[in-house]
Structures are given as structure tokens and as C-alpha cells.
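# Summary of the model geometry
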Amino acid sequence: AEPGIRLKRYRGMGSIDAMKKGSDDRYFGSSSTVKVAQGVSGAVQDKGSVHRFVPYLIQGIKHGMQDIGARSVEELREQLYSGTLRFELRSPAAQREGGVHGLHSFERKLFAS
């Protein structure tokens, strides 16, 4: 690693390291004596504290709740249990149509940094 760069261990759930720690159940390997990796282990550059991203997460939740029409988490919960909140399955074509399309080019920024 370069001097001054903080790295964090990364262990994909299908990696041998993760399987040794118990994730092999989800990859049908708990009863197998031979383990075959379906993921990787390595290092990723540390992006800093999660506290930096919390405001963006909160704003995303607020936008989602506004789209649903719930003013609070309690109201969202009431809608769920009363049956007024519904989830819809969308086909791949509907997902494409609902996304950005028809532009020559665009830039996607998930949040301002």
C-alpha cells in the first residue's frame, strides 16, 4: 500500500475466508469438504467515517417516504399493517423506462461531496 493511505479488509461472502467464518451455509458448502471460492478477499481504500454519509441516507429515506405518502415511520408502519401500502413488481422493461433514457449523455452523481 502507498504510504498514508488507509486500507480496510474486504471479504466477499463467497470467498474462502468468509466460508471459513461460516458463510458457507448460503453457498451450500457447510457439508462439503471441498470449498470452492465464489468471491474474493482483499483490501479497499478507507472512505472515512460513516457519519459523513448519514445525512444522505436520511434524505434518501425522507424522499422515499414522501413518494409513498407517509409523514412518519409510524404512519408508514400503519399503512403496511392496514394493507394500504403496496409494493409492486416491475418488469425489466418498466425499470429501464423508469430510469434515465433518451439522453445523449448524462452524469450520475449519487451525492454531493
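Calculation notes
- Residues numbered from 1 in each chain as written.
- Predicted model: local features only at pLDDT ≥ 70, side-chain atom pairs only at ≥ 80, totals over all residues.
- Heavy atoms only, no water.
- Helix = DSSP H or I, 4+ residues; strand = E, 2+ residues; numbered from the N terminus.
- Contact = heavy atoms within 4.5 Å.
- Areas by Shrake-Rupley, 256 points an atom, 1.4 Å probe, with all protein chains shown as cover.
- Salt bridge = Lys/Arg side-chain N within 4 Å of Asp/Glu carboxyl O.
- Patch = residues over 30% accessible without salt bridge, like charges linked within 9 Å, V, L, I, M, F, W, Y side chains within 5 Å.
- Expected span 1.5 Å × (residues − 1).
- Polar contact = N/O pair within 3.5 Å; in protein donor to acceptor, adjacent residues only side chain to side chain.
- pLDDT = per-residue confidence, 0-100.

## A word on the overall build of the protein chain
- When you go through the protein chain residue by residue, the secondary structure sums to 4 helices and 2 strands.
- In the protein chain, the succession of helices and strands from N to C terminus is β-α-β-α-α-α.
- Restricting to contacts in the protein chain with at least 6 residues of sequence separation, those with at least 24 account for 43%.
- Counting only carbon and sulfur atoms, one obtains 54% of the accessible surface of the protein chain, whose full area is about 10200 Å².

## Quick notes on the pattern of salt bridges
- Under the counting rule described, the total for this entry stands at 2 salt bridges.
- Here Glu88 ties to Arg86 by a salt bridge, and the two come within 3.8 Å at their closest N and O atoms.

## Remarks on a nonpolar patch on the surface
- Taken together, the side chains of Tyr10, Val40 and Val44 define a hydrophobic patch exposed on the protein surface, amounting to about 260 Å² of accessible area.
- Among the secondary structure elements, Val40 is positioned in the loop between α1 (16-20) and β2 (41-45).

## Here's the deal with helix α2 (residues 54-68)
- With 15 residues, α2 ought to run about 21 Å at 1.5 Å a step, and its terminal C-alpha atoms sit 21 Å apart, in line with that.
- Residue Gly69 follows α2 closely and has a positive phi angle near 95°.

## What about the side chain of Gln79?
- Here Gln79 is to be found in helix α3 (residues 73-82).
- Among residues more than four places away in sequence, those in contact with Gln79 are Ile68, Gly69, Ala70, Thr84 and Leu85.

## Observations concerning the environment of Arg52
- Along the chain, the position of Arg52 falls in the loop between β2 and α2.
- Of the polar contacts made by the side chain of Arg52, one reaches the backbone oxygen of Lys47; its length is 3.2 Å.

## Description of the confidence of the model for the protein chain
- The share of residues in the protein chain with pLDDT of 70 or more is 82%, and the mean pLDDT across the chain is 81.
- The secondary-structure element of the protein chain with the lowest mean pLDDT is α1, recorded at 73, while α3 shows the highest, at 94.

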